[in-house]
Every structure is written in C-alpha cells, then in structure tokens.
Amino acid sequence: MSPHTAPILLLIASNVFMTFAWYGHLKFKASPLWIAVMASWAIAFVEYWFAVPANRIGSAVYSAAELKTMQEVITLVVFAGFSVLYLKEPLGWNHLVGFGLIAAGAAFIFQAR
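Residues numbered from 1 in each chain as written. Predicted model: local features only at pLDDT ≥ 70, side-chain atom pairs only at ≥ 80, totals over all residues. Heavy atoms only, no water.

**Thoughts on the overall build of the protein**
Heads up, the rule is: Helix and strand definitions follow DSSP, with helices as H or I runs of at least four residues and strands as E runs of at least two, each counted in order from the N terminus. Three exposure classes are used, based on accessible area relative to the maximum for each residue type with a 1.4 Å probe and protein chains only: buried under 20%, partly exposed in between, and exposed over 50%. Accessible surface area values rest on a Shrake-Rupley calculation with a 1.4 Å probe, where residue burial reflects the displayed protein chains alone.
For the protein, the helix and strand inventory stands at 4 helices and 0 strands. If you list the helices and strands of the protein from N to C, you get α-α-α-α. Dimensions along the principal axes, computed over C-alpha positions, put the protein at roughly 50 × 35 × 20 Å. Here the protein holds 113 residues, and 27% of them are scored as buried. In the structure as shown, the protein presents an accessible area of about 7400 Å², 75% of it carried by carbon and sulfur atoms.

Okay, structure coming up:
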C-alpha cells in the first residue's frame, strides 16, 4: 500500500474506533459510568493500532501538520456519519457550514504542496 494512501485508510479506521470510544456509550446511559469508561478505553486501545502506524507510515510523505489536519477532517466526516446513522441525531445547516469552514481551513495546510 502506498505511503500516500495508507495513512488515510488507517486514519479512517482509527477514527471509526475512536468515535465509538468517545460517543458510542451515549446510547447506553443506564450503564454505570465505570463500565462506559472501561469499554471506551478498550476500544481506544484498538484505535491506537491504527493511528500510530498511520502517522509512522505517513510521516514518510506528509508533515506532522498535514497528518494532523487529515486526521481532523476525517474525524469530522466520520463523526457526521456516526451522529446521523448511530446516534440518530440530525445535522443542521450550521453543523455543515462549520464543518465546511474547518475543511476549508485545512486546505490551506496543503497549499505548499
């Protein structure tokens, strides 16, 4: 797999796990908090197995700032889908505009390429 595409795919996988770790427990509010924390920690442990290689492999072709920027944009895309599909929370125009502005700001990071 190319060092250009591997980090993107690994960061997508990483963000799916991390989004579940951070927000998945919101559907189980009756569960004790300690169970939510432990389950989230276990999911986050798996997430690291995607995030760390993504950054290690990606650092061969991307700067740290570019990797972080990719991660943030991927996070927003994954979270938007998660919010709508899993949590059943709608995204309004204000969310989409805000996410779009963040993505536009991220584009400036890659202008020197």
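**Points about unusual backbone geometry**
A negative phi angle is the norm for most residues apart from glycine, just as the trans form is the norm for most peptide bonds. Look at Lys88: it is not a glycine, yet its phi comes out positive at around 60°. Turning to its location among the elements, Lys88 is positioned in the loop between helix H3 (64-85) and helix H4 (93-109).

**Looking at the UniProt feature "transmembrane region" (unreviewed entry) in the protein**
Put simply, the rule is: UniProt positions are given in the numbering used here, feature names are shortened, and annotations may be inferred rather than shown by experiment.
Taken from the UniProt record, the annotation "transmembrane region" (unreviewed entry) applies to residues 7-25, 31-50 and 93-110. Counted over residues 7-25, helix gives 89% and strand 0%. Its end C-alpha atoms are 27 Å apart. Between the C-alpha atoms that bound residues 31-50 the distance is 28 Å, and the span itself is 90% helix and 0% strand.

**Looking at a nonpolar patch on the surface**
To keep it simple, the criterion reads: Note that patches include only residues with greater than 30% relative accessible area and no salt bridge, and the join distances are 9 Å for like charges and 5 Å for nonpolar side chains (Val, Leu, Ile, Met, Phe, Trp, Tyr). Salt-bridge detection follows one rule: a side-chain nitrogen of Lys or Arg within 4 Å of a carboxyl oxygen of Asp or Glu.
A contiguous nonpolar patch, built from Met1, Ile8, Leu9, Ile12, Val16 and Phe20 and spanning about 540 Å² of accessible area, is present on the exposed surface. Counting through the fold element by element, Met1 comes out in the segment before helix H1 (6-23).

**Some remarks on the packing of aromatic side chains**
For clarity, the cut-off: Between the rings of Phe, Tyr and Trp (Trp by its six-membered ring), a pair exists once the centres lie within 6.5 Å; its type follows the angle of the planes, with under 30 degrees stacked, over 60 edge-to-face, and the other angles tilted. Whether a charge lies above a ring is judged from NZ of Lys or CZ of Arg, which has to be within 6 Å of the ring centre and within 35 degrees of the ring normal.
The full count for this structure, using the stated rule, is 8 aromatic pairs. Here Phe17 and Phe50 contribute two aromatic rings whose centre-to-centre distance is 5.4 Å and whose plane-to-plane angle is 20°, an arrangement assigned as stacked. Of the two residues, Phe17 sits in helix H1 while Phe50 sits in helix H2 (residues 33-58), which places them 33 residues apart along the sequence. In this structure an aromatic cluster arises from ring pairing among Phe20, Phe82 and Tyr86. Its guanidinium or amino end placed over the ring of Tyr86, Lys27 lies 4.5 Å from that ring's centre, counting from NZ or CZ.

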